Amino acid sequence: MTSISSLIPFTFVSLAETVDLRRCGQVAYWAGLPYTFGLCVLGSDGSYEGNPTLNNLAPIARSLDTFSKIVGQYVSWLAVFMVLVQFSIVLGRYVFGLGSIAAQETVIYSHGLLFMLGAAYTLQKGGHVRVDIFYAKAGPKRQATIDLLGSLFLLIPVSIIILLASWKYISGSWQIMEGSVENSGLPYVYLLKSVIIVFCGMMILQGVSTILHAILVLGDKEAMPSNEIQTEL
């Protein structure tokens, strides 16, 4: 059985251990940590290149990115679907005098799915709002450190807190198979609320991907991606 320690791609090293302390201190400086207690991703020979774990991080990060990308690109079509449904609702109401509660709630469902399931892909592409007073002017390695610490101590913990806090809310909805408060509405409110779990899971996975990319940048295995949002058709 694989031990938990073997799954950790980096380790904290102190002066007592026989490693390349110059590299240790360099990484510690990037992370703003004391020289004697750096975030190290070194192999047995004291080099980044000698660490097989570090070399294997890129495929894992790319796989997580691919998952977020596929989900994000598919759910992006919900924006087009929402426009068409909303147009049909307006046309039916003001031209034919017809209305549909179910159609209106379909727009609400689509809107929720679009934002909740597309959040991880938006994060991957750098599309979330960032207060970049320091980040924009930082160098690639300092940006990678900010991404690493931000994902490790903010993104992932907050996602876990949201998941735990919403569990009772979601399970209660499943117990009564919650549906619309309107008689002619959609009876799938419990499924819509369950998307919170998927949202948290995808954000955690994308947070892990961000951490892996940051480690690769710090280890000179990867260049820091551009901050500009890339539009893919």
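What you see is a predicted model, and the numbers here were worked out from it, not measured in a lab.

Engineer: Explanation requested: helix 6 (residues 101-124) in the structure shown.
Structural biologist: For helix 6, built from 24 residues, the straight-helix expectation of 34 Å at 1.5 Å per residue is met to within 8% by its first-to-last C-alpha distance of 35 Å. Regarding helix 6, the residues found buried are Ala 103, Glu 105, Val 107, Tyr 109, Ser 110, Leu 114, Leu 117, Gly 118, Ala 119, Ala 120 and Tyr 121. Elements that come into contact with the buried residues of helix 6 comprise helix 4 (57-75), helix 5 (77-94) and helix 8 (189-218). Directly after helix 6, the chain includes Gly 126, whose backbone phi takes a positive value near 75 degrees.

Engineer: Even after reading the chapter, I still don't get the packing of aromatic side chains, so can you show me in this structure?
Structural biologist: For any pair of aromatic rings, geometry is given as the distance between the ring centres together with the angle between the planes. On inspection of all chains with the given rule, the structure shows one aromatic pair. Ring geometry for Trp 174 versus Tyr 190: centroids 4.8 Å apart, planes at 80 degrees, classification edge-to-face. With Trp 174 in helix 7 (residues 140-175) and Tyr 190 in helix 8, this pair connects stretches of sequence that are 16 residues apart. The class for Trp 174 is partly exposed, based on a relative accessible area of 40%. Exposure remark for Tyr 190: the relative accessible area of 11% places this residue in the buried category.

Engineer: Can you walk me through the nonpolar core in this structure?
Structural biologist: The nonpolar side chains of a soluble globular protein tend to be buried, and buried together. Counting 20 residues, the largest nonpolar core has Leu 117 and Met 203 as the members making the most contacts within it. Sorting the residues of this core by element identifies helix 4, helix 5, helix 6, helix 7 and helix 8 as the ones contributing at least two each. The residues touching Leu 117, leaving out its near neighbours within four places in the chain, are Val 71, Val 75, Val 195, Val 198 and Met 202. With 13 residues, the next largest nonpolar core counts Leu 57, Leu 148, Ala 214 and Ile 215 among its residues.

Conventions we followed
- Residues numbered from 1 in each chain as written.
- Predicted model: local features only at pLDDT ≥ 70, side-chain atom pairs only at ≥ 80, totals over all residues.
- Heavy atoms only, no water.
- Helix = DSSP H or I, 4+ residues; strand = E, 2+ residues; numbered from the N terminus.
- Expected span 1.5 Å × (residues − 1).
- Buried < 20%, exposed > 50% of the residue type's maximum accessible area, 1.4 Å probe, protein only.
- Contact = heavy atoms within 4.5 Å.
- Phe/Tyr/Trp six-rings, centres within 6.5 Å; stacked < 30°, edge-to-face > 60°.
- Core = buried A, V, L, I, M, F, W, Y, C linked by side-chain atoms within 4.5 Å.

Any link to function would need more than the numbers given here.
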